[in-house]
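# An overview of the molecular structure
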Amino acid sequence: MTPEQDNAVRAQGRKCVAEIQQAMKCRPKPKWNAVVPPIIKKHHQKIAPLGISLVAFVSRIGRIQGRYGVES
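Residues numbered from 1 in each chain as written. Predicted model: local features only at pLDDT ≥ 70, side-chain atom pairs only at ≥ 80, totals over all residues. Heavy atoms only, no water.

## Some details on the overall build of the chain
Counting its regular elements, the chain contains three helices and zero strands. Helices (α) and strands (β) of the chain occur, in sequence order from the N terminus, as α-α-α. Its C-alpha atoms give the chain principal-axis dimensions of roughly 40 × 35 × 15 Å. Per-residue burial for the chain yields a buried fraction of 28% across its 72 residues. Partitioning the intrachain contacts of the chain with sequence separation of at least 6 by distance along the chain shows that 51% fall at a separation of at least 24. Put simply, the chain shows about 5200 Å² of open surface, and 56% of that area lies on carbon and sulfur atoms. (Helix = DSSP H or I, 4+ residues; strand = E, 2+ residues; numbered from the N terminus. Buried < 20%, exposed > 50% of the residue type's maximum accessible area, 1.4 Å probe, protein only. Contact = heavy atoms within 4.5 Å. Areas by Shrake-Rupley, 256 points an atom, 1.4 Å probe, with all protein chains shown as cover.)

## A few points about the layout of surface pockets
Any space left empty among the atoms is revealed by the rolling of a water-sized probe across them. What the largest pocket holds in volume is close to 220 Å³. Ile 20, Trp 32, Ile 40, Ile 61 and Arg 67 are, among the 12 residues lining the largest pocket, the residues nearest its centre. The set of elements that each furnish at least two residues to the lining of the largest pocket consists of α1 (3–24), α2 (32–47) and α3 (54–64). Taken together, the residues of the lining of the largest pocket break down into eight nonpolar, three polar and one charged. (1 Å grid on protein atoms, 1.4 Å probe; cavity = no way out; pocket = protein on both sides within 12 Å on 5 of 7 lines; lining within 4 Å. Points joined across faces, edges and corners; volume = space filled by probe spheres on them. Nonpolar A, V, L, I, M, F, W, Y, C, P; charged D, E, K, R; others polar.)

Note that every value here comes from positions in space, so none of it alone points to a role or purpose.
Take a look at the structure:
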């Protein structure tokens, strides 16, 4: 992956995370499975032409947020 592609994936991942956080702030709190998958798919469609799979995109979002792949 080139640095330009990496930057595009990270930028789209940050936008996706921000939208998910905003959507989950609603009261009453919505069901995760009803809200999050459509948001992830919407943001993935923008970077899919770069050859990034949905699983790789979700994995990258998790790494950006420090949810896994980090030594404790």
